[in-house]
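Examination of the molecular architecture
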Amino acid sequence: MVGETTKPERTPLLPLRHEQGDFFVCDIFDAAPKGDMASMAHPIFTLSTKPDTKKRRYEAPDGESYVEIRPNMIGLATMHDRDVLIYCISQVMAALKDGKQVHRTLRFKAFDLLVATNRPTAGTGYAGLKSALERLQGTQIETNITTGGVEQIDGFSLIDRYRIVRETRDGRMLDLEVTLSDWTFNAIAGNDVLTLNRRYFQLRKPLERRLYELARKHCGTQPEWKCGLEKLKARTGSTSSEKEFRRLVRAICKADEEHDHMPDYTFRLLADVLIVTPKQAFLDHYAPAPKQERVSGAYIIPLSPETLERARELAPTWDVSVLADEWRSYAARQKEPPKNPDRAFLGFCRSWFAKRGRNG
């Protein structure tokens, strides 16, 4: 029909709202997005987009660890509120990588956080950020899960406090101060973090974000990770019925098959089992050598991506690939390969930096 308009099909991903090439964005994107592994493994954040005021308690299968999440009157912190923590963790890790002194209290521009996490920078973006801060500060956690080698059993908030330092005349926040909880800061200090794909911030659905986190935590660079729907439902923290949860997961898998929109991993549902496999581009970037073998008198010893990231922090300004080659040459001169390659390599990096300091 003449003049008829059709609504374009909505893609699974949110639009990329801010071009990374803009001059005011470059420094922000130097900090790779990172999430703490403890909350990636456990359902701390609600999947609901409506106020969720139900108390939750999750126990590990062995019965030795638990997490209890208690909301305040405005509800639990959401999966999208987690963006604030990811941004803060990323900034602290980037500062550590540069050899800077870090503290639990961070000060930054609200605009920078909105841009880095692909949020709108209009008034709604600032209002949503303020609500996220309120829920993060109001959500109380009680757990005995260890972060950074410290077992913390008392209750705490996801962030201890926030402060709007400057505000424009129309009420739009400019500068923010956020004080991270000891639990989160312990995870940073212990390097219990994982790098996330920037496309994470383009995922529309909270369940998509949660599935990606679980894949990043449990699959990593392994060839495959499988999880039954019953266990997966508990790990995501979903409060849907089993039938509805199956429908939601199936819809995500179908969309991923059609649009290839999920970052780093493919997601397929076979019967009642979710099968996750890493994408080749992800493996090319993160996967270590497939096996340990001796080539031309040198051991080719695999190192995990997390170890390589930690090495960059222990020996800032040094090329980690050069350090890995030096260490492998050193290891090849030993009678036996190291029993724990990752730990041995990190010890080598500490010693290297202590003796030689910064490169240039």
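Report follows, based on the coordinates. (Residues numbered from 1 in each chain as written. Predicted model: local features only at pLDDT ≥ 70, side-chain atom pairs only at ≥ 80, totals over all residues. Heavy atoms only, no water.)

**Quick notes on the pairing of strand β14 (residues 273-278)**
Here is the rule we go by: Strands were regarded as paired on the criterion that DSSP finds at least two bridges between them. Here a helix means four or more residues in a row that DSSP labels H or I, a strand means two or more in a row labelled E, and each is numbered from the N terminus.
Sheet topology note: the strand β12 (residues 225-228)/β14 ladder contains 4 bridges and is antiparallel. In the sheet register, C227 faces β14, and the bridge partner there is L274. Where strand β13 (residues 265-270) lies against β14, 6 bridges are found, and the strand directions are antiparallel. Within β14, the residue paired with Y265 across the bridge is P278. Counting the residues that bridge the hairpin from β13 to β14 gives 2 residues, and of these A271 lies at a positive phi of roughly 55°.

**Overview of the side chain of E313**
Selection criterion: Whether two residues are in contact is decided by their heavy atoms, any of which lying within 4.5 Å being enough.
Looking at the secondary structure, you find E313 in helix α10 (residues 305-314). In this structure E313 touches M93, L96, K97 and N191, once residues within four positions along its chain are discounted.

**Quick look at unusual backbone geometry**
What counts, and what does not: Three labels apply to residues, based on accessible area from a 1.4 Å probe with only protein chains included: buried if under 20% of the type maximum, exposed if over 50%, partly exposed otherwise in between.
Backbone geometry places N118, a non-glycine residue, at a positive phi of 60°. Tracing the backbone through its elements, the reader meets N118 in the loop between α3 (110-116) and α4 (123-138). Of the residues examined, N118 reaches a relative accessible area of 5% and is grouped as buried. Positive phi values are uncommon outside glycine, yet D260 reaches one of about 55°. Among the secondary structure elements, D260 is positioned in the loop between α8 (242-259) and β13.

**What to know about the packing of aromatic side chains**
We apply this condition: The aromatic pairing rule takes the rings of Phe, Tyr and Trp, using the six-membered ring of Trp, and pairs them if the centres are within 6.5 Å, calling planes under 30 degrees apart stacked, those over 60 edge-to-face and the rest tilted. Two limits define a charge over a ring: the Lys NZ or Arg CZ must be within 6 Å of the ring centre, and within 35 degrees of the ring normal.
In this structure the tally under the stated criterion is 9 aromatic pairs. Judged by centre distance (5.1 Å) and plane angle (50°), the rings of Y265 and F282 are tilted. Residue Y265 is located in strand β13, and its partner F282 is located in helix α9 (residues 280-286); the two are separated by 17 residues in the primary sequence. Considered together, Y265 and F282 belong to a single accessibility category, that of buried residues. Taken together, Y200, F201, Y212, Y265 and F282 form an aromatic cluster joined through their ring pairs. Cation over ring: R57 sits above Y66, and NZ or CZ is 4.3 Å from the ring centre.

**Description of the sheet that holds β12**
Note the following rule: Helix axes are fitted to C-alpha atoms over the stretch in contact, other axes to C-alpha atoms as well, and angles between N-to-C directions run from 0 to 180 degrees.
Here we have 3 strands laid out as an open sheet, ordered β12-β14-β13, and antiparallel in their pairing. Of all the strands in the sheet, the pair left with one neighbour each is β12 and β13. Ignoring which end each strand starts from, the neighbouring axes of this sheet average 20° apart. Each of β12, β13 and β14 is contacted by helix α6 (residues 206-219), which is oriented at about 100° to β13, the strand it contacts most.

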